[in-house]
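Spelled out, the chains give:
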Amino acid sequence: MGVAIRGNAGYALTPVAVTGGEFVEFGPYVASIDGRGVVAFTAGLVGGGTGVFTGDGGVVTAVVDSRSGGGVGVGVVGEVCSHPDVDGRGRCCFYGVLKSGERGVFVAEGGEIERLANSHGALGPTMNEEGGVAFRADGEGGEGIFVSERGRTMMVARTGEEFGAFQGLPVINSAGAVVFRGDMRAGGQCIRMWDGEKTSTIIETGDEVGSELGELGSFPVLNDAGAVGFVATLRRGGSGVFVVAGGKMEMVVESGGEFESFRGVLINNAYGKGGPLVFYATPVGGTLGVYVGRELLLGIGSGFMGSRVTEFALNPVSMNEVGQLAIRVKLEDGRQAVLRADPEGG
């Protein structure tokens with residue numbers, strides 16, 4: 001563990017953790033990565049229990065371990081039930097269940113745990129480098145999108161008159177802006193952004209800008225400049241990878257001769273300045289893979305660690321500002337691994 005393996009697309013792959021020893025399972029959650037290249041992941045443990053761990057290819061450190069009480073503070077964590085996300089100061093957020101049975105959105109720091117909300121949502125929270133957290137949770141009158149910053153938690157959207165449901169996870173940038181994907185009660189889908197004071201529409205199927213779009217992907221991403229990336233199907237058939245920046249929408253990759261469908265996209269602050277466009281897609285006649293530009297980094301069937309990849313997972317928490325990626329994989333021989341992908345020469 002910790003030895004980088006030369007990969008494709010100009011990246012090296014470093015195993016951060018591999019099943020065996022104390023770890024029996026890393027799924028179904030993704031791994032996240034902070035600006036220092038530290039990867040955080042959830043693991044199922046030998047003898048039962050779950051925990052959150054961090055590593056960079058060397059020593060793996062326990063942040064929360066349900067076998068040892070999960071730290072101090074509001075209670076004892078009995079289960080971690082989402083991916084974790086981390087900030088630049090070592091703080092970590094996740095959904096969990098206390099041994100008392102209470103569910104919550106938690107932040108762990110320095111061995112102590114703070115509960116941000118009394119119930120957990122789906123998939124997992126996101127955190128910016130300054131420690132702001134965005135998450136889905138049950139709120140008054142329905143499910144809500146929440147932001148917690150500087151000791152204050154507020155609801156920025158909820159199901160009810162306008163929204164029938166939320167999809168994916170809300171993503172928070174360094175300015176505290178949050179992008180999220182909603183299903184409209186009147187029909188169609190939208191991507192909205194909350195800027196700390198008000199909510200605006202980035203794209204809505206059926207409006208003037210989004211009229212060519214059919215189904216929006218569940219995982220929009222947001223960088224600090226306010227650019228929003230997402231995937232969507234097209235009403236005329238096919239699908240594409242889109243970026244909305246400065247009020248203009250651009251389809252940066254379209255299905256057709258090379259790709260048949262897209263699963264998700266990642267951008268960081270370097271997008272548009274020579275930085276990476278990372279997306280997960282199925283090529284025509286091929287299998288799902290992770291692409292940097294149009295070059296395959298890793299995919300189903302790729303050879304790795306003496307075996308072959310049968311499953312991989314990543315989402316908006318899985319890329320940092322220098323283009324490093326955190327990827328969870330399952331291998332044909334039964335092993336699972338959490339990897340860090342590093343741009344060579346970066």
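Each remark here, short or long, concerns the structure printed above.
A brief structural summary.

Quick notes on the rules
- Residues numbered from 1 in each chain as written.
- Predicted model: local features only at pLDDT ≥ 70, side-chain atom pairs only at ≥ 80, totals over all residues.
- Heavy atoms only, no water.
- Salt bridge = Lys/Arg side-chain N within 4 Å of Asp/Glu carboxyl O.
- Buried < 20%, exposed > 50% of the residue type's maximum accessible area, 1.4 Å probe, protein only.
- Helix = DSSP H or I, 4+ residues; strand = E, 2+ residues; numbered from the N terminus.
- Contact = heavy atoms within 4.5 Å.
- Pairing = 2+ DSSP bridges.
- Phe/Tyr/Trp six-rings, centres within 6.5 Å; stacked < 30°, edge-to-face > 60°.

Let us now look at the pattern of salt bridges. Two side chains of opposite charge can pair, provided their charged atoms sit close to one another. Per the stated rule, a full pass over the model turns up 20 salt bridges. Note that D34 and R36 form a salt bridge whose closest N and O atoms lie 2.6 Å from each other. Residue classification places R36 among the exposed residues on the basis of a relative accessible area of 52%. Put simply, E311 and K330 hold a salt bridge, and the shortest N to O gap is 4.0 Å.

This part is about the side chain of T205. Turning to its location among the elements, T205 is positioned in the loop between β21 (199-204) and β22 (213-216). The class for T205 is buried, based on a relative accessible area of 10%. Dropping the residues within four chain positions of it, T205 is found in contact with G188, Q189, G210, L213, G214, L216 and R235.

As a further point, take the pairing of strand β20 (residues 189-194). Across the six residues that make up β20, a large majority, six, are buried. Residues Q189, I191 and M193 line one face of β20 and the alternating positions C190, R192 and W194 line the opposite face, and both faces are buried. Relative to β20, strand β19 (residues 178-184) runs antiparallel, the two being bridged by six bridges. Residue pairing in the sheet places G182 in a bridge with C190 of β20. Here β19 folds back onto β20 in antiparallel fashion, the turn holding four residues, of which G187 has a positive phi close to 110°. Sheet topology note: the β20/β21 ladder contains five bridges and is antiparallel. Within β21, the position partnered with C190 by the bridge is E204. Connecting the antiparallel pair β20 and β21 is a turn made up of four residues, with G196 showing a positive phi of about 105°.

Our focus in this paragraph is the packing of aromatic side chains. Per the counting criterion, the structure on display carries 16 aromatic pairs. Where F23 meets F41, the ring centres are 5.7 Å apart and the plane angle is 80°; that geometry is what we call edge-to-face. Within this pair, whereas F23 is found in strand β3 (residues 23-25), its partner F41 is found in strand β5 (residues 39-45), the two being separated by 18 residues in sequence. The residues F23 and F41 share a single accessibility class, namely buried. Aromatic side chains F163 and F166 sit 5.2 Å apart centroid to centroid with 45° between the ring planes, which places their arrangement in the tilted category. When sorted by exposure, F163 lands in the same class as F166, which is buried. Following the ring pairs from residue to residue traces out a cluster consisting of F23, F26, F41 and F53.

With that out of the way, let us pick up the environment of V244. Checked against the element boundaries, V244 lands in strand β25 (residues 239-245). Of the residues examined, V244 reaches a relative accessible area of 7% and is grouped as buried. Remark: the alpha-carbon pair of V244 and I202, spanning 42 residues in sequence, is separated by 7.3 Å.

Function-wise, these values are silent; they only describe arrangement.
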